Amino acid sequence: MRIATWNVNSVRQRLDHLLTWLSECSPDIACLQEIKCVDEAFPREAIEALGYNVVTHGQKTFNGVALLSRLPFDETTPRLAGDPDDAHARFLEGVVSLKHGALRIACLYLPNGNPANTDKYPYKLNWMSRLLDYTKERLKTEEPLVLAGDFNVIPAARDVHNPDAWVDDALFRPETRERFQALLGLGLTDALRATTDAAGQYTFWDYQAGAWQKNHGLRIDHLLLSPQAGDRLSGVGIDKYVRAWEKPSDHVPIWIDLDLEAA
């Protein structure tokens, strides 16, 4: 089973890119972030025509997440628990049936947190704490769980082209990385780092200063796996080639292959 995540940076602007990539990569489940549209405006028909079930949690002009699955959803839940006043569309959970149990996917778009000297950074840290609480509860079920999305976290120096330039950025501050490590400390596996220690494994290149052409990138899109999913990991890939397309997203897809049998 192939599970992918991609911050598409406006699904209506990148629809042709999305449809091409879905046809080429053929994920069984795809998690999208920054769809930047309300649910009613999501171009579901074109995606459903490729054989996907579509669930969205949208928001006008910014944020927004979506789950696409070749398998029917048993249930879906928008919003991350822990703050009833948080109206941002950043989280969508889906459950699909397998031959032996269920697979739970959490599609997330974690807050950026910049500027770090504003209330945006405490919001980011609180969101990460809520994600930690969510994960603790879900791990109790002992079922395959995948946290997939744009975490807006650079986990380590090897995950950014020039670490010194990012020391004060909300994506790389010690408090940010500590909370990410706390997630891994629960028993989650960082899928990419389970397969390679290599530097330069980037998923994002800024539009400015020729970042893509110079390969000045970051790794901020992640797939974190519960032990029951991590034990089934058979492959990881980053589809960097889509960043070279005309008018691309500044992120590229990352995917995993799990040895799981669908129902």
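For the structure itself, consult the block above.
The structure contained in this document is the topic of the report that follows. (Residues numbered from 1 in each chain as written. Predicted model: local features only at pLDDT ≥ 70, side-chain atom pairs only at ≥ 80, totals over all residues. Heavy atoms only, no water.)

### Some details on the side chain of glutamine 59
Along the chain, the position of glutamine 59 falls in the loop between strand E3 (53-57) and strand E4 (65-69). The class of glutamine 59 is buried, set by a relative accessible area of 15%. Side-chain polar atoms of glutamine 59 contact the backbone nitrogen of alanine 89, separated by 2.7 Å. Setting aside its immediate chain neighbours within four residues, glutamine 59 contacts Lys36, Cys37, Val38, Gly64, Ala87, His88 and Ala89. (Helix = DSSP H or I, 4+ residues; strand = E, 2+ residues; numbered from the N terminus. Buried < 20%, exposed > 50% of the residue type's maximum accessible area, 1.4 Å probe, protein only. Polar contact = N/O pair within 3.5 Å; in protein donor to acceptor, adjacent residues only side chain to side chain. Contact = heavy atoms within 4.5 Å.)

### Quick word on the environment of tryptophan 255
Mapping tryptophan 255 onto the fold places it in strand E14 (residues 254-258). With 253 residues separating them in the primary sequence, tryptophan 255 and arginine 2 have C-alpha atoms 6.7 Å apart. Beyond its immediate sequence surroundings of up to four residues, tryptophan 255 is in contact with Arg2, Ile3, Ala4, Cys25, Leu223, Gly235, Val236, Gly237 and Asp239. A distance of 3.1 Å separates polar atoms of two side chains, one belonging to tryptophan 255 and the other to aspartate 239.

### Side note on unusual backbone geometry
Following asparagine 114, the chain continues to proline 115 via a peptide bond in cis, the omega torsion being -5 degrees. By secondary structure assignment, the location of proline 115 is in the loop between strand E7 (101-109) and helix H3 (120-139). Positive phi, normally seen in glycine, also occurs at serine 10, with a value near 95 degrees. If you trace the backbone, serine 10 turns up in the loop between strand E1 (2-7) and helix H1 (15-25).

### Considerations on the side chain of aspartate 257
With respect to the helices and strands, aspartate 257 occurs in strand E14. On the basis of relative accessible area, aspartate 257 is assigned to the buried category, the value being 18%. Polar contacts involving the side chain of aspartate 257 include one to the side chain of arginine 2, which spans 2.8 Å. Discounting chain neighbours no more than four positions away, the residues touching aspartate 257 are Met1, Arg2, Arg232, Leu233, Ser234 and Gly235.

### With respect to the sheet that holds E14
Strand order in the open sheet formed by six strands is E3-E4-E2-E1-E14-E13, and the pairing between neighbours is mixed. Sheet topology places E3 and strand E13 (233-238) at the edges, where each strand pairs with a single neighbour. With strand direction ignored, the average angle separating the axes of adjacent strands in the sheet is 15 degrees. Both E1 and strand E2 (residues 29-33) contribute to a ladder of five bridges, which runs parallel. Bridge pairing links tryptophan 6 to leucine 32 in E2. (Pairing = 2+ DSSP bridges. Axes fitted to C-alpha atoms, helices over the stretch in contact; angles between N-to-C directions.)

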